[in-house]
Amino acid sequence: MQQNPSSDSIVSLRDVQKSFGSLRVLDGVSFAVERGEVLALIGRSGSGKSTALRCIDRFEKVDGGEIVVCGHRVDRPDVDLRALRQDVGIVFQSYNLFPHLTIEQNITLAPCAVKGLANSQAKDLARKVLAQVGLEEKLHAYPEQLSGGQQQRAAIARSLAMQPKVMLFDEVTSALDPELTAEVLKVIEQLAADGMTMVMVTHEMGFAKGIADRIVFMHRGKVHETGPASILTSPTTPELTQFVGTGNLKS
């Protein structure tokens, strides 16, 4: 059920292999994401979905296969990581905000250091992206003064400040309670409505069904089934049938 990437894909994985010691985590994974598309990676813990996501931004090096992201050959040892990470934003389960910096300082750090933005320009940008995630009034707050949901939204704003072409989300709501989860998912829904290209690893099946243009179901390191969100209600493989039949489809 692998999808063959096309030449105009903004993200393309072909036959990607990755092992940790003797454990094969990715076993010939191929899928692609078109510009403006929202793709959800789903599957049980240990299926390889988060590893696949981390390989897209070169947080993990692959053992074989090809990854092309925004024209960057990510699988090559000489890939320009600085250029890659200007095009790709990633938000993790843990917010990774610097606790000793205000939210504004957290956001302006990379645009100033990496893109050479003037401080005044970076501050204007910080206000803009915080407004985008509904946190403009938290500009001068410190991370510890924010709820978990607010911290996650601030982390999303920090990624948006680099004006990426692709956003990656790795289980960004798994540490949040339902109310805080809803406020973060609302931000992601708005990004999708604005046309942002996104790859999401998520356990929120109801959310994936509502927002994703395509679903990739991973099982034991392979892409087992892929298709529109309707595959969650009409799966064609026993493995996906079992996965959605164990209560995972509840939002």
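For the structure itself, look to the data block above.
This structure is a prediction, so every number in the text was calculated from the model and none was measured.

1. Here's the deal with the overall build of the protein
Inference 1: Along the protein, the regular secondary structure elements total eight helices and ten strands.
Inference 2: For 251 residues, the compact-globule estimate of 2.2 N^0.38 gives 18 Å, and the C-alpha radius of gyration of the protein, at 18 Å, lies within 12% of that figure.
Inference 3: The dimensions of the protein, computed from C-alpha atoms along their principal axes, are 55 × 45 × 35 Å.
Inference 4: Accessible surface, the protein as shown: approximately 11300 Å² in total, 48% of it carbon and sulfur.
Inference 5: A gap of 3 Å separates the mean positions of the 27 positive and 29 negative side-chain charges of the protein.

2. Things to note about the pairing of strand β8 (residues 197-201)
Inference 1: With five of its five residues buried, β8 lies for the most part within the structure.
Inference 2: Here β8 shows two buried faces, one formed by Thr 197, Val 199 and Val 201 and the other by Met 198 and Met 200.
Inference 3: For strand β3 (residues 38-42) and β8, the ladder comprises four bridges, and the chain directions are parallel. Paired with Leu 39 across the bridge in β8 is Val 199.
Inference 4: Pairing of strand β7 (residues 166-170) with β8, which is carried by five bridges, proceeds in the parallel orientation. By the bridge assignment for β8, Asp 170 is matched with Val 201.
Inference 5: Once you follow β7 into helix α6 (residues 178-193) and on to β8, the crossover reads as right-handed.

3. Brief notes about the sheet that holds β8
Inference 1: Strands sit in the order β6-β7-β8-β3-β9-β10 across an open sheet of six strands; the sheet is mixed. Strands with a single pairing partner mark the edges of an open sheet, and in this sheet they are β6 (88-91) and β10 (222-227). Averaged over all adjacent pairs, the angle separating strand axes in this sheet is 20 degrees, with direction ignored.
Inference 2: In this structure, β6 lies alongside β7, joined through four bridges in parallel fashion. In the sheet register, Val 88 faces β7, and the bridge partner there is Val 166.
Inference 3: Sitting on the sheet, helix α5 (residues 148-160) touches β6 and β7, and the angle it makes with β6 is about 170 degrees.

4. With respect to the packing of helix α3 (residues 103-115) against α5
Inference 1: At a closest axis distance of 8 Å, the pairing of α3 and α5 adopts a crossing angle of 25 degrees. Judged by the inter-axis angle, α3 sits roughly parallel to α5. For the pair α3 and α5, the sense of crossing is right-handed. For the pair α3 and α5, contact is made by Ile 103, Asn 106 and Ile 107 and by Ala 154, Ala 157 and Arg 158, respectively.

5. Here's the deal with the pattern of salt bridges
Inference 1: Applying the stated criterion across every chain yields a total of twelve salt bridges.
Inference 2: Residues Asp 124 and Arg 127 are paired through a salt bridge, measuring 3.4 Å at the closest nitrogen-oxygen approach. With Asp 124 and Arg 127 both in helix α4 (residues 119-132) and three residues apart, this pair spans about one turn of that helix.
Inference 3: On the basis of relative accessibility, which here comes to 33%, the residue Arg 127 falls in the partly exposed class.
Inference 4: Three or more residues are tied together by salt bridges with common partners; here these are Arg 14, Glu 66, Arg 73 and Asp 75.

6. Points about the layout of surface pockets
The gaps of empty space that remain are located by a probe, the size of a water molecule, rolled over the atoms.
Inference 1: Counted as a void, the largest pocket has a volume near 540 Å³.
Inference 2: Lining the largest pocket are 23 residues; nearest its centre among them are Ile 90, Ala 110, Arg 158, Ser 159 and Met 162.
Inference 3: Only α2 (81-87), β6, α3 and α5 provide two or more residues apiece to the lining of the largest pocket.
Inference 4: When grouped by side-chain class, the residues that make up the lining of the largest pocket number 13 nonpolar, six polar and four charged.

7. A closer look at the side chain of Thr 102
Inference 1: With respect to the helices and strands, Thr 102 occurs in the loop between β6 and α3.
Inference 2: Those residues in contact with Thr 102 that sit more than four places away from it in its chain are Leu 139, His 140, Ala 141 and Tyr 142.

8. With respect to unusual backbone geometry
Inference 1: One non-glycine residue, Asp 15, adopts positive backbone phi at about 50 degrees.
Inference 2: Relative to the elements of secondary structure, Asp 15 occurs in strand β1 (residues 11-20).
Inference 3: In this model, Glu 171 sits at a positive phi of 50 degrees, which is unusual for a non-glycine residue.
Inference 4: Checked against the element boundaries, Glu 171 lands in the loop between β7 and α6.

9. What about empty space enclosed by the protein?
Inference 1: Per the counting criterion, the structure on display carries one cavity of 30 Å³ or more.
Inference 2: Size it by volume and the largest cavity reaches roughly 60 Å³.
Inference 3: Forming the walls of the largest cavity are Phe 169, Glu 171, Val 172, Thr 173, Leu 185, Ile 188, Met 200, Val 201, Thr 202, Glu 204 and Phe 207.
Inference 4: For the lining of the largest cavity, the secondary-structure elements that each account for two or more residues are α6 and β8.
Inference 5: The residue inventory of the lining of the largest cavity, partitioned by class, reads seven nonpolar, two polar and two charged.

Conventions adopted
Each chain has its residues counted from 1, running along the sequence as written. Only residues with pLDDT of 70 or above have their local features reported here, since the model is predicted, and side-chain atom pairs are shown and tallied only from 80 upward, although totals for entire chains, interfaces and linings are computed over all residues. To get the side-chain values, all heavy atoms of the structure are used, and hydrogens and water are removed first. The secondary structure listing takes helices from DSSP runs of H or I that are at least 4 residues long and strands from runs of E that are at least 2 residues long, numbered from the N terminus. What the globule rule says is 2.2 Å times the number of residues to the power 0.38, and the radius of gyration is computed from C-alpha atoms. For the area figures, the Shrake-Rupley method with a 1.4 Å probe applies, and any residue is considered shielded solely by the protein chains shown. By the counting scheme adopted, Arg and Lys are positive, Glu and Asp are negative, and His together with the chain ends is not counted. Taken as the charge location is NZ of Lys, CZ of Arg, CG of Asp or CD of Glu. Each residue is assigned to one of three classes by its accessible area relative to the maximum for its type, calculated with a 1.4 Å probe on protein chains only: buried under 20%, partly exposed between the two thresholds, exposed over 50%. For two strands to be treated as a pair, DSSP must find no fewer than two bridges joining them. Here the term right-handed applies to a crossover when the path leading from its first strand over the helix to its second strand runs clockwise, the strands being oriented away from the viewer. Angles here are taken between N-to-C directions and fall from 0 to 180 degrees, while the axes themselves are lines fitted to C-alpha atoms, restricted in helices to the stretch in contact. Contacts were defined at the residue level, with two residues in contact if any of their heavy atoms lie within 4.5 Å. By definition in this entry, angles of less than 35 degrees are roughly parallel, angles greater than 145 are roughly antiparallel, angles of 65 to 115 are roughly perpendicular, and the rest are oblique. Two helices that cross are described as forming a left-handed crossing if the nearer one is turned anticlockwise from the farther one by less than a right angle, and a right-handed crossing if clockwise. Salt bridges are identified by distance alone: a Lys or Arg side-chain nitrogen within 4 Å of an Asp or Glu carboxyl oxygen. Points on a 1 Å grid, built from protein atoms alone, make a cavity when a 1.4 Å probe fits but cannot get out and make a pocket when they are open with protein on both sides within 12 Å along at least 5 of 7 lines; residues with an atom within 4 Å of a point are the lining residues. Grid points are joined across faces, edges and corners, and a volume is the space filled by probe spheres set on the points. Classification convention: Asp, Glu, Lys, Arg as charged; Ala, Val, Leu, Ile, Met, Phe, Trp, Tyr, Cys, Pro as nonpolar; all other residues, Gly among them, as polar.

The values reported here are purely geometric and, on their own, carry no functional implication.
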